[in-house]
Every structure is written in C-alpha cells, then in structure tokens.
Amino acid sequence: SVAVEDPKFTLQEVLDTFKSCLSENKEVFLEHYVAGWLGLVRFMNSLGSVFSFIAKDAVNKIQILINHLNGENGAHYVTVQSMVKYELDNQLVDLTKRGSFPESGCRTLLRLHRALRWLELFLERLRTSTEESKTSVMCSEAYNESLSQHHAWIIRKAAGTAFWALPGRATFFDVMNVGTPEQVVAMLGDALPLISEVYQVTEDLYVQNNILDLP
Ligand code: 1PX
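This section reports on the structure supplied with the text. All residue numbers refer to position in the chain's written sequence, counted from 1. Selection of residues for local features in this predicted model requires a pLDDT of at least 70, selection of side-chain atom pairs for listing and counting requires 80 or more, and totals for whole chains, interfaces and linings are taken over all residues. Excluded from the side-chain calculation are hydrogens and water; included are all heavy atoms of the structure.

Structural notes on the overall build of the protein chain
And then number 1: From N to C terminus, the protein chain includes nine helices and zero strands.
And then number 2: Helix and strand assignments come from DSSP, with helices taken as H or I runs of at least 4 residues and strands as E runs of at least 2, each series counted from the N terminus. Listing every helix and strand of the protein chain by position from the N terminus yields α-α-α-α-α-α-α-α-α.
And then number 3: Taking 215 residues into account, the globule formula puts the C-alpha radius of gyration at 17 Å, and the protein chain, at 17 Å, falls close to it.
And then number 4: In this scheme, a residue with accessible area under 20% of its type's maximum is buried, one over 50% is exposed, and one in between is partly exposed, where area comes from a 1.4 Å probe on protein chains only. Per-residue burial for the protein chain yields a buried fraction of 47% across its 215 residues.
And then number 5: Within the protein chain, contacts between residues at least 6 apart in sequence are counted, and of these 70% link residues at least 24 apart.
And then number 6: The Shrake-Rupley method, run with a 1.4 Å probe sphere, supplies the accessible areas, and residue values consider only the shown protein chains as cover. Only carbon and sulfur atoms are counted for the fraction: they give 52% of the accessible area of the protein chain, which is about 11100 Å². For the radius of gyration, the atom set is restricted to C-alpha positions; the globular benchmark scales as 2.2 Å times the number of residues to the power 0.38. In what follows, residue pairs with any heavy atoms lying within 4.5 Å of each other are defined as contacts.

Right, dumping it as structure tokens:
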C-alpha cells in the first residue's frame, strides 16, 4: 500500500510533479498525476488528524489507480487519454448507475479531477490573499464553488467542520516549507498555470467522451 509519511516535505516538489504530468502532445501521465496527489495528501496529513477522513478517501482512490497502472493491463493506463479509450472501448465503465465497475479508472480519476479544481481555486485564493485572510474561509469558498456540488449533504457538513481546523495563513505558509511568504506567493504563481493546464486537458477529454457525470 501507499506510504504517506515524509518528514522532509516541501510543497514546491509536489507542485513540480504536476509539471511532469503533461507530455509534449498534452497527454496526462497517470503515474505523475498520482504522484502529485500523493504529495498533496502527505501535505494534508502534516496539517493534522482532522483531515484524515479526507486523506483516507484520497489515498483509496490513488491506490485504485496505482493498481490499474501495475496491473496486467497497465500498458493501457500510461496516460489518462489511453485509460479513457481503453476502458470505454472495452465497456469497463459504469456510465449511468453504479454496477460492475465501481473501481473503473475513469470514475476514480474523475473524483480526483474534481478535487483538482478545488485545489486550483484554493491556491489562487492563497496566492492573492493578505495577512488578514483566513485559510478556512478561502478553503470553504473554493470548496463551495467546486467539489461541494458533487458531494452529499453529510460529506459537505464534515468537510465544512474540518475546514475550521485549518491553521492560519502564516502557519500554513510555514508548513509548505518553501520560504518567505513572498517566495510562497511566487511559487504559487509559477505552479498554478501548470495545475490549471492539467485540469483543463483532463476536463476537455472528459467532455469529449461525455463522462463528466460517471456514478
Ligand atoms: C497548499 C494546499 C495544498 C492542500 C492539499 C490538500 C490536498 C487535498 C486532497 C483532497 C482530496 C479529496 C478527494 C476527494 C474525492 C471525493 O470527492 N470523494 C468523495 C466521492 O467519492 P465516491 O467514491 O463516493 O464517489 C467522497 O465521498 C469523499 C469523502 C471525503 C470528503 C472529501 C472532502 C473534500 C474536501 C477537499 C478539501 C480538502 C481540504 C484540505 C485542506 C488542506
């Protein structure tokens, strides 16, 4: 299973992982996508145990994708593009209601993809925040604008409660381990366009294949 502890962590490395996600012809390498998420989960774990129910679900999903990658059909899972084509061509995806394929790569990645939009919105708020800004407010605004629309009431409630446990902006920036607040802001400015691009490429692929609502 997946290791999520790493003492010498810097958020820079994690966000750099997303840089390596895109191939020259804009395909998304699943291995790097998954590695990026593992780094994010590691970061979240360093914020405290309130977030462990979120981390647990994320790790579950990451593990499902790793299992596909390491499985006998792993060659079809090298990029998100090849995964979507392989699973759709071979009817390995539940399209309208949950059934035989609760662990399809397509539906599993879609959950992380939606969470990536939350990340994009949250990081953009952090980047443009001031010393007085509250991380809990930035986080819940980003959540309400994105991921929450896909969550049941009970999950929204639990997520909302967890957000109040987020450390303040100064501590949050420290935990990132990137440097001064100015350096954090600069790092976020560099990283965000790459995360946005990975998000958009995946979004376009899911739109083209009409698989944005997989159960
Ligand atoms: C500098 C900022 C870095 C912060 C990194 C934080 C990484 C956050 C990772 C969150 C990954 C969440 C994946 C959620 C996937 C999901 O939507 N799953 C739900 C649906 O799954 P199903 O299989 O049933 O269709 C599932 O129900 C989710 C349960 C867990 C609750 C999810 C709440 C998500 C809140 C996201 C915000 C995280 C805030 C962390 C603050 C740092």
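So that's the structure; there's more coming.
Looking at helix α6 (residues 135-144)
And then number 1: Within the sequence span of α6, burial applies to T135, S136, M138, C139, A142 and Y143. Considered in projection along α6, the buried side chains sweep an arc of 165° and stay on one side of the axis.
And then number 2: Summarising the contacts, the buried residues of α6 are in contact with α5 (105-127), α7 (153-163) and α8 (169-176). Directions pointing from the helix axis toward each C-beta atom define the arc.

Considering the packing of helix α1 (residues 11-19) against helix α2 (residues 30-45)
And then number 1: Angles here are taken between N-to-C directions and fall from 0 to 180 degrees, while the axes themselves are lines fitted to C-alpha atoms, restricted in helices to the stretch in contact. Where α1 meets α2, the closest approach of the two axes is 8 Å, and the angle between their N-to-C directions is 155°. With respect to α2, the element α1 is oriented roughly antiparallel. Where α1 crosses over α2, the handedness of that crossing is left-handed. Only H32, Y33, A35, G36, W37, G39, L40 and F43 of α2 make contact with α1, whose side of the interface consists of L11, V14, T17 and F18.
And then number 2: Classification convention: Asp, Glu, Lys, Arg as charged; Ala, Val, Leu, Ile, Met, Phe, Trp, Tyr, Cys, Pro as nonpolar; all other residues, Gly among them, as polar. Looking at side-chain class alone, the contact of α1 with α2 contains eight nonpolar, four polar and no charged residues. Here the word oblique covers every angle except those under 35 degrees (roughly parallel), over 145 (roughly antiparallel) and from 65 to 115 (roughly perpendicular). If you view the pair so one helix is near and one far, a crossing is left-handed when the near helix is turned anticlockwise from the far one by less than a right angle, and right-handed when it is turned clockwise.

Let's talk about the nonpolar core
And then number 1: Side-chain atoms within 4.5 Å are what join buried Ala, Val, Leu, Ile, Met, Phe, Trp, Tyr and Cys residues into a set we call a nonpolar core. Counting residues in each nonpolar core, the largest one holds 69 residues, and the members touching the most others are L11 and M83.
And then number 2: Ranked by the residues each element gives to this core, the list is headed by α5, at 12 residues.
And then number 3: Filtering out sequence-adjacent residues up to four positions away, L11 remains in contact with L40, F43, M176, V178 and M187.

Notes on the site of the ligand
And then number 1: If even one non-hydrogen atom of a residue comes within 4 Å of a molecule or strand, that residue is called near it. Among the 24 residues in the neighbourhood of the ligand, the closest are listed as D57, K61, R107, R111 and H151.
And then number 2: Polar contacts, as counted here, are pairs of nitrogen or oxygen atoms within 3.5 Å of one another; within protein the pair requires one atom able to donate a hydrogen and one able to accept it, and residues that are adjacent in sequence qualify only if both atoms are side-chain atoms. Contact distances for the ligand include 2.9 Å between an oxygen atom and a side-chain N or O atom of K61.
And then number 3: With respect to the ligand, the side chain of R111 contributes an N or O atom lying 3.0 Å from an oxygen atom.
And then number 4: Relative to its free-state accessible area of 930 Å², the ligand is covered by the protein chains to the extent of 90%.
And then number 5: Contributions of two or more residues to the shell around the ligand are made by α2, α3 (52-70), α5, α7 and α8.
And then number 6: At six residues, α5 tops the list of elements feeding residues into the shell around the ligand.
And then number 7: A class-by-class count of the residues in the shell around the ligand yields 19 nonpolar, one polar and four charged.

Things to note about α2
And then number 1: One fewer than the residue count of a helix, multiplied by 1.5 Å, yields its expected span. The end-to-end C-alpha separation of α2 is 22 Å, in line with the 22 Å expected for 16 residues at 1.5 Å each.
And then number 2: Those residues of α2 that sit buried are L30, Y33, V34, G36, W37, L38, G39, L40, V41, F43 and M44.
And then number 3: Turning to α2, the residues buried within the fold contact α1, α3, α4 (80-89), α5, α8 and α9 (181-208).

A word on the pattern of salt bridges
Side-chain pairs of opposite charge can arise whenever the charged atoms involved come near each other.
And then number 1: Put simply, a salt bridge is a Lys or Arg side-chain nitrogen that is within 4 Å of an Asp or Glu carboxyl oxygen. Enumeration over the complete set of coordinates arrives at eight salt bridges.
And then number 2: K19 serves as the salt-bridge partner of D16, at 3.5 Å between the closest nitrogen and oxygen. Of this pair, D16 and K19 both sit in helix α1, three residues apart, which is roughly one turn of the helix.
And then number 3: By relative accessible area, which is 30% here, D16 ends up partly exposed.

A word on the packing of aromatic side chains
And then number 1: Two rings belonging to Phe, Tyr or Trp (six-membered ring only in the last case) form a pair when the distance between their centres is within 6.5 Å. Interplanar angles under 30 degrees mark stacking, angles over 60 mark edge-to-face geometry, and anything in between is tilted. Taken as a whole, this structure holds six aromatic pairs when the rule is applied.
And then number 2: Between F43 and F172 the ring centres are 5.6 Å apart and the planes differ by 80°, which places this aromatic pair in the edge-to-face class. You can see F43 sitting in helix α2 and its partner F172 sitting in helix α8, a full 129 residues away along the chain.
And then number 3: One aromatic cluster is present, formed by F43, W118, F122 and F172 through successive ring pairs.

None of the figures reported here should be taken as evidence of function without further support.
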